[in-house]
Amino acid sequence: MRIIAGRYKGLNFNAPKGARTHPMSDKARGGLFNALGDIEGLEVLDCFSGSGALAIEAISRGARSAVAIDADSRAVKIIKDTLTQLKLTKEIKVSQAYVKSWLSTNKDKTFDLILVDPPYDDLNFTTIKRLPLHLKESGVLVLSWPGSHDPLKLSGLQIVKNKHYGDAQLVFYRKIS
């Protein structure tokens, strides 16, 4: 995998092998961040992070900090190795946990931007529906979702954009005041 843009543009990093993770394509990741525009100084939550690509790309493009959460120990090891290699261990905190558990033990944590790329064979509806509680006012949540499914309705959030990339779609939500 490679970083698409920003201060680490062009650097390569590893992704977990196997079917447990499905790294977002460069095209979809580029489209996601281009649609977001300026993310300078934002605090980011990367749920179901797999390779950590979304958190890394966010930091490369100017986000202040990120938290990457994944339950798979192999994925977490790869993310940590990548962060050490790129010298990003201060900007990105990695947590080996199920997203649902992490949310329960970090009830007071809120973010400007939440990036959600669940495994398509286990879409984690219940967990995803809890994420708006961790979004700051006027925050944005981006959900990578199977293209064959209708976008998920999330309480307190309004869909502002929906972009399709092959068999996936990116659904952009904004918190409603």
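Structure shown above.
Residues numbered from 1 in each chain as written. Predicted model: local features only at pLDDT ≥ 70, side-chain atom pairs only at ≥ 80, totals over all residues. Heavy atoms only, no water.

Asks: Could you clarify how one ought to interpret the packing of helix α1 (residues 26–36) against helix α2 (residues 53–60) in this entry?
Replies: Angle between the axes and distance between the axes are the two parameters that describe a pair of packed helices. Remark: α1 packs on α2, axes separated minimally by 11 Å, with the N-to-C direction vectors making an angle of 45 degrees. On the basis of the axis angle, α1 is oblique to α2. Here α1 and α2 pass one another in a crossing that is right-handed. The residues of α2 that touch α1, namely those facing R29, L32 and F33, are A53, L54, E57 and A58. In terms of residue class, the contact of α1 with α2 is built from five nonpolar, no polar and two charged. (Axes fitted to C-alpha atoms, helices over the stretch in contact; angles between N-to-C directions. Helix = DSSP H or I, 4+ residues; strand = E, 2+ residues; numbered from the N terminus. Parallel < 35°, antiparallel > 145°, perpendicular 65-115°, else oblique. Left-handed = near helix turned anticlockwise from the far one by under 90°. Contact = heavy atoms within 4.5 Å. Nonpolar A, V, L, I, M, F, W, Y, C, P; charged D, E, K, R; others polar.)

Asks: Sorry if this is basic, but what is going on with the nonpolar core here?
Replies: In globular proteins that are soluble, nonpolar side chains generally tend to be buried together. Counting 31 residues, the largest nonpolar core has L32, L36, I92 and V142 as its most contacted members. If you tally residues by element for this core, the top one is α2, at six residues. Dropping the residues within four chain positions of it, L32 is found in contact with M24, L54, L115, V142, Y165, L170 and F172. Counting 24 residues, the second-largest nonpolar core is a separate cluster that includes L103, F111, V116 and L154. (Core = buried A, V, L, I, M, F, W, Y, C linked by side-chain atoms within 4.5 Å. Buried < 20%, exposed > 50% of the residue type's maximum accessible area, 1.4 Å probe, protein only.)

Note that every value here comes from positions in space, so none of it alone points to a role or purpose.
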